[in-house]
Amino acid sequence: MATIKEVARLAGVSVGTVSHVITNSVSVSEALRVKVESAISQLDYHPNHVARSLKTNRTRTLGIIVPDMTVSFFPQLIRGAETAARQQRYSLIASNSYESMERQTELLRLFRSQQVEGMLLVVAADQNPKAQLSKLLDAGILMVSLDRLIDRVPVDSVSVENAGAAEMGVAHLISRGYGRIAIVTGPLSLRNERRRLQGYKRALQKAGLPVHDSLIWSSTLRQEDIATLCIDRFAAAASKPDAILATNGLSGLGVLRALRNMRMKTPDDLAFVTFDELSVSDLFTPAITTIVQPAFQIGFRACEILLGRINGAITKDGVLNERLPATLNVRESSRRKVVRTPSTGNIKAHGMPTRF
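Residues numbered from 1 in each chain as written. Predicted model: local features only at pLDDT ≥ 70, side-chain atom pairs only at ≥ 80, totals over all residues. Heavy atoms only, no water.

Asker: Which residues make up the packing of aromatic side chains, and what are the values?
Answerer: One pass over the structure, following the stated rule, counts 3 aromatic pairs. Judged by centre distance (5.4 Å) and plane angle (80 degrees), the rings of F73 and F74 are edge-to-face. Of the two residues, F73 and F74, both sit in the buried class. Look at F296 and F300: their rings are 6.3 Å apart centre to centre, the planes differ by 20 degrees, and that puts the pair in the stacked class. Separated by 4 residues within a single helix, F296 and F300 lie in helix α12 (residues 295–311), roughly one turn from each other. For F296, a relative accessible area of 26% puts it in the partly exposed group. Judged by relative accessible area, which is 17%, F300 ranks as buried. (Phe/Tyr/Trp six-rings, centres within 6.5 Å; stacked < 30°, edge-to-face > 60°. Buried < 20%, exposed > 50% of the residue type's maximum accessible area, 1.4 Å probe, protein only. Helix = DSSP H or I, 4+ residues; strand = E, 2+ residues; numbered from the N terminus.)

Asker: Which residues make up the environment of S333, and what values go with them?
Answerer: Within the fold, S333 resides in the loop between β12 (327–329) and β13 (338–340). A polar contact is formed between the side chain of S333 and the backbone nitrogen of T289, at a distance of 2.8 Å. (Polar contact = N/O pair within 3.5 Å; in protein donor to acceptor, adjacent residues only side chain to side chain.)

Asker: Talk me through the pairing of strand β6 (residues 181–185); I want residue IDs and the actual numbers.
Answerer: Within β6, 5 of the 5 residues are buried, leaving the element largely enclosed by the surrounding structure. In β6, alternate side chains face the same way, and those of I181, I183 and T185 on one face and A182 and V184 on the other are all buried. The pairing of β6 with strand β8 (residues 243–246) spans 4 bridges and is classified as parallel. Across the sheet, A182 pairs through a bridge with I244, a residue of β8. (Pairing = 2+ DSSP bridges.)

Asker: Explain unusual backbone geometry residue by residue, including any values.
Answerer: Look at the link from T266 to P267: it is a cis peptide, with omega at 5 degrees. Inspection of the secondary structure puts P267 in the loop between α11 (249–261) and β9 (271–275). Notably, R152 is not glycine yet its phi reads approximately 55 degrees, a positive angle.

Asker: Outline the sheet that holds β8, supporting the account with residue identities and numerical values.
Answerer: The 6 strands lie next to each other as β7-β6-β8-β9-β10-β12, forming an open sheet whose pairing is mixed. Both outer strands of the open sheet, β7 (216–218) and β12, are each paired with one neighbouring strand and no more. Recorded for the sheet is a direction-independent mean angle of 15 degrees between the axes of neighbouring strands. Contacts from helix α9 (residues 191–206) reach β6, β7 and β9 within the one sheet, and its direction differs from that of β6 by about 175 degrees. (Axes fitted to C-alpha atoms, helices over the stretch in contact; angles between N-to-C directions. Contact = heavy atoms within 4.5 Å.)

Asker: Tell me what's going on with the side chain of T247, and back it up with residues and numbers.
Answerer: You can see T247 is positioned in the loop between β8 and α11. Note on T247: relative accessible area 0%, which makes it buried. Separated by 2.5 Å, the side chains of T247 and E193 make a polar contact. The residues touching T247, leaving out its near neighbours within four places in the chain, are I183, V184, T185, G186, E193, R196 and F275.

Asker: How would you sum up helix α8 (residues 162–175)? Please name residues and give values.
Answerer: In a regular helix each residue adds 1.5 Å, so 14 residues correspond to 20 Å; α8 covers 20 Å between its end C-alpha atoms and thus fits that length. In terms of burial, α8 is largely enclosed, as 13 of its 14 residues are buried. (Expected span 1.5 Å × (residues − 1).)

Structure below.
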């Protein structure tokens, strides 16, 4: 096994220069960096990061926990964080909590035992993590919250501008002529879900439309639960909508499952808009109108902030809360509402001009 001294000898530099290149701790000229990296490659040298971390108390490793990497939003989030980490020569360890607070606790303990220098967390939805996370922060662990915002825990956070994004989706449906718009949310224990509900209400109020409690459908983040709830509400005459906004990708898939089971079609039976591009969206006909969160940018910026705290580039007291704008991809599932005029039976398109 090659040693750092052999790398230095082959590159024609000092051992300290090799160490500076590996750790990126001191600026090294590009010419010397190329020599060292070439020698490392030729000798297949692998630094002993465990031994180095015992000496320096630095592992140049970060951890990120997401609920479920099979949900298309989260891999993009991880890619963004990993890109930012690599730019500063850090490694990123990613893992799933499976929406379990118990699993999340295990992972936080594991990352801490492995001496990661900071953590990125999309909190599990099933409980309030305040007590758990407060202990970590009191112990000096650096953390940034992504996407799902944590109530009453003073951590930096990066997410989409939740209320504005939901308001944009509902305003779009209103502009297309829809007035009885249901919203399907995840657990309202999550602050981002509450903020999206606020945006929904704000859009209706701005348009002079009533907010009906019977059209606010809150569920879990399990597709089966969401579909069952929607089927029950579709069957109740008082809560039949002419359009639906789903506040996250899992809720969107649950709505589509319910529509399939009820043999309903979008937009013929009702218009549909969802947060997040669905992982199999190319298979849907008609194509789904989507509120797209900048997942890569959220992950990238959250990691930048975390590294800024670690390296001292960010020293601001208090927490940083950054909110990034969403975009609306308008497709066929929210086309302009068409109704039949009572007197003639003729078909007429209803709607106002889009205002974005």
